[in-house]
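# Architecture at a glance
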Number of protein chains: 2
Amino acid sequence: MAESVERLQQRVQELERELAQERNRRAPGSGEGGGGRVRIEKMSSEVVDSNPYSRLMALKRMGIVSDYEKIRTFAVAVVGVGGVGSVTAEMLTRCGIGKLLLFDYDKVELANMNRLFFQPHQAGLSKVQAAEHTLRNINPDVLFEVHNYNITTVENFQHFMDRISNGGLEEGKPVDLVLSCVDNFEARMTINTACNELGQTWMESGVSENAVSGHIQLIIPGESACFACAPPLVVAANIDEKTLKREGVCAASLPTTMGVVAGILVQNVLKFLLNFGTVSFYLGYNAMQDFFPTMSMKPNPQCDDRNCRKQQEEYKKKVAALPKQEVMQEEEEIIHEDNEWGIELVSEVSEEELKNSSGPVPDLPEGITVAYTIPKKQEDSVTEVTVEDSGESLEDLMAKMKNM
Amino acid sequence: MAESVERLQQRVQELERELAQERNRRAPGSGEGGGGRVRIEKMSSEVVDSNPYSRLMALKRMGIVSDYEKIRTFAVAVVGVGGVGSVTAEMLTRCGIGKLLLFDYDKVELANMNRLFFQPHQAGLSKVQAAEHTLRNINPDVLFEVHNYNITTVENFQHFMDRISNGGLEEGKPVDLVLSCVDNFEARMTINTACNELGQTWMESGVSENAVSGHIQLIIPGESACFACAPPLVVAANIDEKTLKREGVCAASLPTTMGVVAGILVQNVLKFLLNFGTVSFYLGYNAMQDFFPTMSMKPNPQCDDRNCRKQQEEYKKKVAALPKQEVMQEEEEIIHEDNEWGIELVSEVSEEELKNSSGPVPDLPEGITVAYTIPKKQEDSVTEVTVEDSGESLEDLMAKMKNM
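Note that this is a predicted model, so its numbers are computed, not measured. (Residues numbered from 1 in each chain as written. Chains lettered and ligands numbered in written order. Predicted model: local features only at pLDDT ≥ 70, side-chain atom pairs only at ≥ 80, totals over all residues. Heavy atoms only, no water.)

## Observations concerning the interface of chain A and chain B
If you look at the interface, chain A gives 96 residues, while chain B gives 96 residues. Overall, the association of chain A and chain B removes approximately 8,800 Å² of surface from exposure, summing both partners, and the carbon and sulfur fraction of that is 65%. Applying the counting rule to chain A against chain B returns 2 salt bridges. The interface formed by chain A and chain B includes 30 residue pairs in polar contact (both at pLDDT 80 or more). Elements with a contribution of two residues or more to the side of chain A that touches chain B: helix 1 (2-26), helix 2 (54-61), helix 3 (85-95), helix 4 (127-138), helix 7 (255-274) and strand 8 (282-286) of chain A. The dominant element in the side of chain A that touches chain B, judged by the number of residues it contributes, is helix 1 of chain A, at 15 residues. When the residues that make up the side of chain A that touches chain B are grouped by side-chain class, the tally is 50 nonpolar, 25 polar and 21 charged. (Contact = heavy atoms within 4.5 Å. Buried area = accessible area lost by both parts, 1.4 Å probe. Salt bridge = Lys/Arg side-chain N within 4 Å of Asp/Glu carboxyl O. Polar contact = N/O pair within 3.5 Å; in protein donor to acceptor, adjacent residues only side chain to side chain. Helix = DSSP H or I, 4+ residues; strand = E, 2+ residues; numbered from the N terminus. Nonpolar A, V, L, I, M, F, W, Y, C, P; charged D, E, K, R; others polar.)

## Describing the side chain of A:Arg115
Inspection of the secondary structure assignment puts A:Arg115 in the loop between strand 2 (99-103) and helix 4. A:Asp183 is the oppositely charged side chain nearest to the buried, salt-bridge-free A:Arg115, at an N-O distance of 6.8 Å. At 3.0 Å, the side chain of A:Arg115 and the side chain of A:Asn114 are in polar contact. Not counting residues up to four positions away in its chain, the partners in contact with A:Arg115 are A:Gly83, A:Ser253, A:Pro255, A:Met258, B:Arg55 and B:Arg94. (Buried < 20%, exposed > 50% of the residue type's maximum accessible area, 1.4 Å probe, protein only. Lys, Arg positive; Asp, Glu negative; His and termini not counted.)

## Describing helix 8 (residues 306-321) of chain A
Residue and element names in this part refer to chain A. Over its 16 residues, helix 8 runs 23 Å from end to end, which matches the ideal 22 Å to within 8%, given 1.5 Å per residue. Along helix 8, the positions that sit buried rather than exposed are Asn-307, Cys-308, Gln-311, Gln-312, Tyr-315 and Val-319. What you see down the axis of helix 8 is that its buried residues fit within an arc of 145°, all on one side. For helix 8, exposure combined with an orientation more than 90 degrees from the buried face picks out Lys-316, Lys-317, Ala-320 and Ala-321. For helix 8, the side-chain oxygen to backbone nitrogen distance between the N-cap and Asn-307 is 2.8 Å, and the N-cap itself is Asp-305. (Expected span 1.5 Å × (residues − 1). Arc of directions from axis to C-beta.)

## Focus: the packing of helix 5 (residues 154-166) of chain B against helix 6 (residues 185-198) of chain B
All names here are of chain B. Relative orientation of the contacting elements helix 5 and helix 6 amounts to 50°, with a least axis distance of 11 Å. On the basis of their axis angle, the class for helix 5 and helix 6 is oblique. The element helix 5 and its partner helix 6 pack so that their crossing is right-handed. For the pair helix 5 and helix 6, contact is made by Phe-157, Phe-160, Met-161, Ile-164 and Ser-165 and by Thr-190, Ile-191, Thr-193, Ala-194, Glu-197 and Leu-198, respectively. When its residues are assigned to classes, the contact of helix 5 with helix 6 shows 7 nonpolar, 3 polar and 1 charged. (Axes fitted to C-alpha atoms, helices over the stretch in contact; angles between N-to-C directions. Parallel < 35°, antiparallel > 145°, perpendicular 65-115°, else oblique. Left-handed = near helix turned anticlockwise from the far one by under 90°.)

## A look at the relation of the copies chain A and chain B
Least-squares fitting of chain A to chain B yields an RMSD of 0.8 Å, with the transformation described by 0.5 Å of translation along the axis and a rotation of 180°. Given the turn and translation reported, the copies of this chain are related as if by a two-fold rotation axis. Counting the interface residues of chain A, we find that 100% of their copies in chain B are interface residues as well, pointing to one common contact surface. (Least-squares fit on C-alpha atoms with pLDDT ≥ 70 in both.)

## Points about the nonpolar core
By size, the foremost hydrophobic cluster in this structure holds 137 residues, and its most contacted members are A:Tyr68, A:Leu100, A:Leu179, B:Tyr68, B:Leu100 and B:Leu179. A:Tyr68 has contacts with A:Met43, A:Leu56, A:Met57, A:Leu59, A:Lys60, A:Cys95 and A:Leu274, leaving out every residue within four places of it along the chain. (Core = buried A, V, L, I, M, F, W, Y, C linked by side-chain atoms within 4.5 Å.)

## Digging into the sheet that holds strand 4 (residues 177-180) of chain B
Residues and elements named next belong to chain B. Spatially, 8 strands are ordered 3-2-1-4-5-6-8-9 in an open sheet, and the strand pairing comes out mixed. Two strands lie at the open edges of the sheet, namely strand 3 (143-147) and strand 9 (294-295), each paired on one side alone. Inspection of the sheet shows strand 5 (residues 202-207) paired to strand 6 (residues 213-219) by 6 bridges, in the antiparallel sense. Looking across to strand 6, one finds that Gly-206 is bridged to His-215. (Pairing = 2+ DSSP bridges.)

## Things to note about the pairing of strand 8 of chain A
All names here are of chain A. Counting buried positions over the 5 residues of strand 8 gives 5, a clear majority of the element. Every second residue of strand 8 is oriented toward a common face, with Tyr-282, Gly-284 and Asn-286 on one face and Leu-283 and Tyr-285 on the other, all of them buried. As paired strands, strand 6 (residues 213-219) and strand 8 are joined by 5 bridges and run antiparallel to one another. Each bridged residue has a counterpart across the sheet, and for Ile-216 the counterpart in strand 8 is Leu-283. One ladder, built from 2 bridges, connects strand 8 with strand 9 (residues 294-295); its direction is antiparallel. The residue bridging Leu-283 from the neighbouring strand is Thr-294, located in strand 9.

## Observations concerning the pattern of salt bridges
Residues and elements named next belong to chain A. Evaluated as defined, the whole model comprises 30 salt bridges over all chains. Here Arg-39 makes a salt bridge to Asp-141, at a shortest N to O gap of 3.9 Å. Taken as a pair, Arg-39 in the loop between helix 1 and helix 2 and Asp-141 in the loop between helix 4 and strand 3 (143-147) lie far apart in primary sequence, 102 residues in all. Asp-141 sits in the buried class, given a relative accessible area of 9%. Connected via shared salt-bridge partners are Lys-99, Glu-145, Asp-162, Arg-163 and Glu-171.

## Points about the sheet that holds strand 5 (residues 202-207) of chain A
Strand pairing in a sheet is mediated by backbone hydrogen bonds. Such pairs are either parallel or antiparallel. Residue and element names in this part refer to chain A. Taken in spatial order, the 8 strands make up an open sheet running 3-2-1-4-5-6-8-9, and their pairing is mixed. Looking at the sheet topology across the chains shown, the edges are occupied by strand 3 and strand 9. Relative to strand 5, helix 7 is tilted by about 170°, and along the sheet it contacts strand 1 (75-79), strand 4 (177-180), strand 5, strand 6 and strand 8.

## Observations concerning the packing of aromatic side chains
Applying the stated rule across the entire model yields 11 aromatic pairs over all chains. Centre to centre, the rings of A:Phe117 and A:Phe118 are 4.9 Å apart; their planes meet at 80°, and the pair counts as edge-to-face. No difference in accessibility class separates A:Phe117 from A:Phe118, as the two residues are buried. Seen in terms of ring centroids, A:Phe292 and B:Phe292 are 3.5 Å apart; in terms of plane orientation they differ by 5°. Their pairing is stacked. Of this pair, A:Phe292 sits in the loop between strand 8 and strand 9 while B:Phe292 sits in the loop between strand 8 (282-286) and strand 9, which puts the two residues in different chains. Note on B:Phe292: relative accessible area 7%, which makes it buried. Site record: aromatic cluster; members linked through ring pairs are A:Tyr285, A:Phe292, B:Tyr285 and B:Phe292. (Phe/Tyr/Trp six-rings, centres within 6.5 Å; stacked < 30°, edge-to-face > 60°.)

## Quick word on the packing of helix 6 (residues 185-198) of chain A against helix 8 of chain A
Residue and element names in this part refer to chain A. For the pair helix 6 and helix 8, the least separation of the axes is 8 Å and the interaxial angle reads 35°. As helix 6 packs across helix 8, the resulting crossing turns out to be left-handed. Only Asn-307, Cys-308 and Gln-311 of helix 8 make contact with helix 6, whose side of the interface consists of Asn-196, Glu-197 and Leu-198. Residue composition of the contact of helix 6 with helix 8, by class: 2 nonpolar, 3 polar and 1 charged.

## As for the environment of B:Phe291
Residue and element names in this part refer to chain B. Summarising the element assignment, Phe-291 is placed in the loop between strand 8 and strand 9. Owing to a relative accessible area of 5%, Phe-291 belongs among the buried residues under this scheme. In sequence terms Phe-291 and Val-319 are 28 residues apart; their C-alpha atoms lie 34 Å from each other.

Written out as structure tokens, the structure reads:
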């Protein structure tokens, strides 16, 4: 009996040791669920191997960013934590962003393993939970708020709007930026509706179904074209449209294209938040030919979204109230961005498509084309596209834009 | 006493359960150190959540790649597993490359956490070991060979040459491609020396010290300019050179710029290996202005590297032996790549720099400039740059190129 107790006590010690080793392996030097490093109260520029911020703070010494520490004061919402969204969230986490809000309702699947970030052992977990666990471990200084739901349902949309308005670094303040990393038209239009209503600046991103082109777009409600102002633009990949849309097949994707799109998206976010370089209103990526067109679009005064039109009026008032000098700078900003690299303007939209479409079709740089054209509506039946208003026409568009 | 035994038995059960949970957390459904999924013998196009290759095989259906499965027949060596190399290796792993050979001699540090891939709990491990563990878990179908050494020492250089020549998917065959993801001039020149001697096609990558520009370059010995043919090119970031080079400070880096460079590098690798799209000879990235210049350079007939000149002769013979039709295609290939997007050629190298430099200074697209100019040498003292031949001049260059 005494022997048995001794044996059991030895076994307990053995197991406790193994458990401690196992936990340590997962996250050394920390307790249950903790990260691999302790929290850091203040960002330091000190050049030592143990400082995770030394290479970022060096941006100040290099003359690129004047106040890198400011990154900690920003809250960014990432909607869609898939191939682009997960890498976007990881980059922002490693950059030391103040707070990240993640929205997604998908589960991790082995079919996602051809893109960066998620790992096979996470299959079956919700994407936001799996992402939060990994990201918290990478940088415990970032605050995380995750929502495992579909933003396009009525109830969730209200909650989504509430979190955009109140989920800032300080509760009750709005977030600083919303990033759309979703893979379908309905979710994009939902984010657009929310941001127009709230006057919330956001950035849109997308990758084509054939995996070889993508884009990012900055939307400042009232100042630049919203998602409803004009058909969304895609970078033409010079392949037959007919091969793209077939029933019962999945979209192609590549870690390369999604990594590049996440990279140019977060670069634009850093430039926007930390005030360096030129922030792009639109940047496309054609992987087949290594072509990266830029452009910008003014909002459509006849935009279907009532809140977009309202924001346009408010922006006009704001500009009118500025001293003359500043007005010129404001105008210059957009003009400067437009076709900065002397790319020849050649519209690739056919005459017939133009006739059948409504809304302004912008002068498009070579290689960019519209994802679809909106069928002409009768003048007196202009309806606003909202989350609930998913009529036949919107569904048609969704079918066309599925997995864009 | 009986109670005590019962309590201990309960404790043993409890601990065993916790240990199993903990191990499961790390790698569910697998044994010690195992991966998160079983190996897959044959790539399938089946559209099911459990197929990690469905989105890649869809590239065939989309008309982008004719034979995606061929990816499994290639072996790629990645030299330098840092901010660019680790993401490069992860992308190739997720794409299902046949074999990866990794070379690095650094350890993971917390100071690396501002870039993708490594995690805080890996601090202290060798980069190649940590990378192999993560990558094998992500895709157990890939073969890995890792070398934890500095390729620039005489002994290691011989071993490196041997692995490039014999470390292909089938032992004894050469690798299909070498990728340079190193952060210093000496290592780049070492890879250049090896590849010129072996006639090995390779791609070079680099990110600037101020973190806001980068480039990739394809080097086919004898066909395109090697690293010794001309000063390496960098994408000008429009910042004061004086702020860049100071003693005792670390280089800045960003996960965004490094992610974009890894993305365009691996995209070029996929296009090269799987034969789709246009392979770029040079693609630059200026993050400040979202500018992506492309160009190509012919090799320098007076290149310092004897093996480069030898490869040039062999390439000429090869082209001369081709039927006339194919020669024109060969020529066209380069011409087509050169300045495809109509970017105006404006040399930014000053007259004085040109006078003081040796070798051809190419017509450079706007925004690209040379990293340094090589001081003129006396005509009769042309020495070959080899691994051992690190004279004063090379060290000067190294100091200038440190952490490029």
